[in-house]
Amino acid sequence: MMNIRRIGILLAAGLFLCGCCETIEGAEASNASEADALPVFAVTELTDVSDSETVAEDYLTAEEAAALPAGTSVDGQRIVTDAIDDYFTAEPISDEVFARIDGVSYKENPNIRRDALRYLRVLHYQPDGGQAIGEMIVNQLIAEDVLAIFRQLYEIQYPIERMVLVDEYGGDDEASMADNNTSAFNYRVVAGTSVLSRHALGMAIDLNPCMNPYVTYNADGSENISPANAAEFADRTAGFQMMIDTDDAAYQLFTAYGFEWGGSWTTVKDYQHFEKN
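What counts and how
Residues numbered from 1 in each chain as written. Predicted model: local features only at pLDDT ≥ 70, side-chain atom pairs only at ≥ 80, totals over all residues. Heavy atoms only, no water. Helix = DSSP H or I, 4+ residues; strand = E, 2+ residues; numbered from the N terminus. Buried < 20%, exposed > 50% of the residue type's maximum accessible area, 1.4 Å probe, protein only. Contact = heavy atoms within 4.5 Å. Areas by Shrake-Rupley, 256 points an atom, 1.4 Å probe, with all protein chains shown as cover. Polar contact = N/O pair within 3.5 Å; in protein donor to acceptor, adjacent residues only side chain to side chain. Salt bridge = Lys/Arg side-chain N within 4 Å of Asp/Glu carboxyl O.

Comments concerning the overall build of the protein
The helix and strand tally for the protein stands at seven helices and 11 strands. A burial count over the protein gives 50% of its 277 residues as buried. Contacts in the protein between residues far apart in sequence, at least 24 positions, make up 62% of those at least 6 positions apart. In the form shown here, the protein has an accessible surface area of approximately 13000 Å², with 51% of it arising from carbon and sulfur atoms.

This is the structure we're talking about:
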């Protein structure tokens, strides 16, 4: 007999397919050329559980998840799969969130206002197969696209080491990257320049940055690798978990939604970086 857990999985798969259709339709309304090429990935079935009473006790509702700090592991909890979209939210910057970022990643400036930013909460898989709560701040212009991308990455169990605000590292981008922390908004300039970064406008995401470093080249052919502990991952011929290339699911999703990948640049290589103009 098909148990309650498996029924929930089948329903969730149906809802996911509907959700993908809605996402694509929304993208077509705003930019048909981007949505036409949206990739389709296989959905991995979640663990089956036979005891319905145990499942009910193990549920972690979206409301309960929202009360937990980002970075909290939920791999021992049971996600309500038929309400999975409720775990993926985009909200204006609350006073509580602003208190965390004010004077750190957010500084008074003439280029981006607080009300132009959105605070995202998501679920993501980790490299060990566990799940965790993630958070990110992006520009309101890309919030729904980014939310849809991470929703689909979750469905295919794409590994993301961690995802907390860069403010947890004191706004230090190097420290955040060294910890392989996926992040977005940080009002700063491009490293080594006076040029305002796309991150300063909330229009760029760095994904698994230690495994996908930022590489610049000197006149003598030598490399500058950031973060400093990512030298082994600058060799893109090696092949390893969480390496972004043009065959990678994250690359395919981000570019399908109109993002540019820094790994395709010629004068520098920013393998972690996806931005939208």
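Quick notes on the environment of D128
Among the secondary structure elements, D128 is positioned in the loop between β4 (117-125) and β5 (131-139). Using a relative accessible area of 64% as the deciding quantity, one classes D128 as exposed. Each C-alpha atom, one on D128 and one on E161, is 9.0 Å from the other, the two residues being 33 residues apart in sequence. A polar contact is formed between the side chain of D128 and the backbone nitrogen of G130, at a distance of 2.9 Å.

Some details on the pattern of salt bridges
Enumeration according to the criterion identifies nine salt bridges in this entry. When the shortest N-O distance is used, the salt bridge between R162 and D179 registers 3.4 Å. Taken together, the residues R162 in the loop between α5 (143-155) and α6 (173-178) and D179 in the loop between α6 and β6 (204-206) connect sequence positions 17 residues apart.

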